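Summary of structural features
Residue strings, one per chain:
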Amino acid sequence: MKNENLSREISYALRHAPSEFGLVLDGEGWAELDVLVAALRERGWTEVGVSEVEAVVAESPKKRHEIRDGKIRAFYGHSAKVNLCGNERKPPEFLYHATARRFLASILKEGLKPMARQFVHLSCDIQTAVSVGLRRDSSPVVLRINAKAAHENGVKFYFGNENVWLCERVEAKWLEVLNEF
């Protein structure tokens, strides 16, 4: 539980509130690891050092962060502006998104929008999409995104990690309702 709570605190710092932690993110979302550790200590994580943060990042099954050359960043989920152009890639043919039933009519009319985040989050498989959708609805609707066609028509996709892809918006014409649980 301690590692999960620390991972959440790191995510909050890097994704949403870098200034609260005294962090300066570069254009790609990188922050100095030692500055993050010092900020965590000031916020009550007195036993946390660089090695503990490295262990949390390495052991996380969700792969939310990466560390390189003394810097750390979140892969995805930002409300703070970051530039993910270096992660732009050709997506798989289909990606998935699960949503609460109450949002379906709006999504089918207006498409998927990032809302409070910088990007729309898409999953590589149905199971991952459902697990995310269950956070807001006990029986979410699964949408299949024709990512290949969208990409061929100018939609830019960004690689978040092995389970998460990002894009700025998905028009309704690229969506298909797979099933309602």
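See the structure above.
Throughout what follows, the structure given in this document is the object of discussion. As the structure is a computational prediction, the values presented were derived from the model and not from experiment.

1. Some words on the overall build of the protein chain
The helix and strand tally for the protein chain stands at 6 helices and 9 strands. For the protein chain, the spread of C-alpha atoms along the three principal axes comes to 50 × 35 × 25 Å. Burial status across the protein chain gives 47% buried among its 181 residues. When contacts within the protein chain are restricted to residue pairs at least 6 apart in sequence, long-range pairs at least 24 apart make up 72% of them. Across the protein chain, the centroid of the 26 positively charged side chains sits 6 Å from that of the 25 negatively charged ones.

2. Let's talk about helix α5 (residues 126-133)
Buried residues of α5: Thr-128, Ala-129, Val-130 and Gly-133, and no others. For α5, the N-terminal capping position is held by Asp-125, with its side-chain oxygen 3.1 Å away from the main-chain nitrogen of Gln-127.

3. Examining helix α1 (residues 2-15)
Across its 14 residues, α1 extends 20 Å between first and last C-alpha, which sits within 8% of the 20 Å expected from 1.5 Å per residue. Within the sequence span of α1, burial applies to Leu-6, Ser-7, Glu-9, Ile-10, Ser-11, Ala-13, Leu-14 and Arg-15. Considering only its buried residues, α1 is in contact with β1 (31-32), α2 (33-42), α3 (50-59), β2 (65-68) and β3 (71-74).

4. Here we look at the state of the cysteines
In total, this model carries 0 disulfides according to the counting rule given. Residue Cys-124 stays outside any disulfide, its sulfur separated by 12 Å from that of Cys-167, the closest cysteine. According to the relative accessible area criterion, Cys-124 is partly exposed, its value standing at 26%.

5. Observations concerning the packing of α2 against α3
Packed helices, taken two at a time, are described by the angle their axes make and the gap between the axes. Where α2 contacts α3, the axes come no closer than 10 Å and their chain directions differ by 100°. Between α2 and α3, the angle falls in the class roughly perpendicular. Contacts between α2 and α3 involve Leu-33, Val-37 and Leu-40 from the first element and Val-50, Val-53 and Glu-54 from the second. Counted by class, the contact of α2 with α3 contains 5 nonpolar, no polar and 1 charged residues.

6. Remarks on the pattern of salt bridges
On inspection of all chains with the given rule, the structure shows 9 salt bridges. When the shortest N-O distance is used, the salt bridge between Glu-32 and Lys-71 registers 3.8 Å. Of the two residues, Glu-32 is situated in strand β1 and Lys-71 in strand β3; the sequence distance between them amounts to 39 residues. Under the relative-accessibility criterion, Lys-71 is labelled partly exposed at 29%. Arg-73 is paired through a salt bridge with Glu-66; the nearest N and O atoms lie 2.6 Å apart.

7. Let's talk about a positive patch on the surface
A cluster of basic side chains, namely Lys-62, Arg-102, Arg-117, Arg-135 and Arg-136, defines a positive patch on the protein surface. With respect to the helices and strands, the residue Arg-117 is situated in the loop between α4 (104-110) and β5 (120-123). Given a relative accessible area of 36%, Arg-117 falls into the partly exposed group.

8. Considerations on the side chain of His-65
With respect to the helices, strands and loops of the structure, His-65 is situated in strand β2. A polar contact is formed between the side chain of His-65 and the side chain of Ser-11, at a distance of 2.9 Å. Setting aside residues no more than four positions away along its own chain, His-65 makes contact with Ser-7, Ile-10, Ser-11, Leu-14, Val-57, Ile-72, Arg-73, Ala-74 and Phe-75.

9. Section: unusual backbone geometry
Of note in this structure, Asp-69 is not a glycine but carries a positive phi near 55°. Classification of Asp-69 as exposed rests on a relative accessible area of 72%.

What counts and how
Residues numbered from 1 in each chain as written. Predicted model: local features only at pLDDT ≥ 70, side-chain atom pairs only at ≥ 80, totals over all residues. Heavy atoms only, no water. Helix = DSSP H or I, 4+ residues; strand = E, 2+ residues; numbered from the N terminus. Buried < 20%, exposed > 50% of the residue type's maximum accessible area, 1.4 Å probe, protein only. Contact = heavy atoms within 4.5 Å. Lys, Arg positive; Asp, Glu negative; His and termini not counted. Charge placed at Lys NZ, Arg CZ, Asp CG, Glu CD. Polar contact = N/O pair within 3.5 Å; in protein donor to acceptor, adjacent residues only side chain to side chain. Expected span 1.5 Å × (residues − 1). Disulfide = S-S within 2.5 Å. Axes fitted to C-alpha atoms, helices over the stretch in contact; angles between N-to-C directions. Parallel < 35°, antiparallel > 145°, perpendicular 65-115°, else oblique. Nonpolar A, V, L, I, M, F, W, Y, C, P; charged D, E, K, R; others polar. Salt bridge = Lys/Arg side-chain N within 4 Å of Asp/Glu carboxyl O. Patch = residues over 30% accessible without salt bridge, like charges linked within 9 Å, V, L, I, M, F, W, Y side chains within 5 Å. Areas by Shrake-Rupley, 256 points an atom, 1.4 Å probe, with all protein chains shown as cover.

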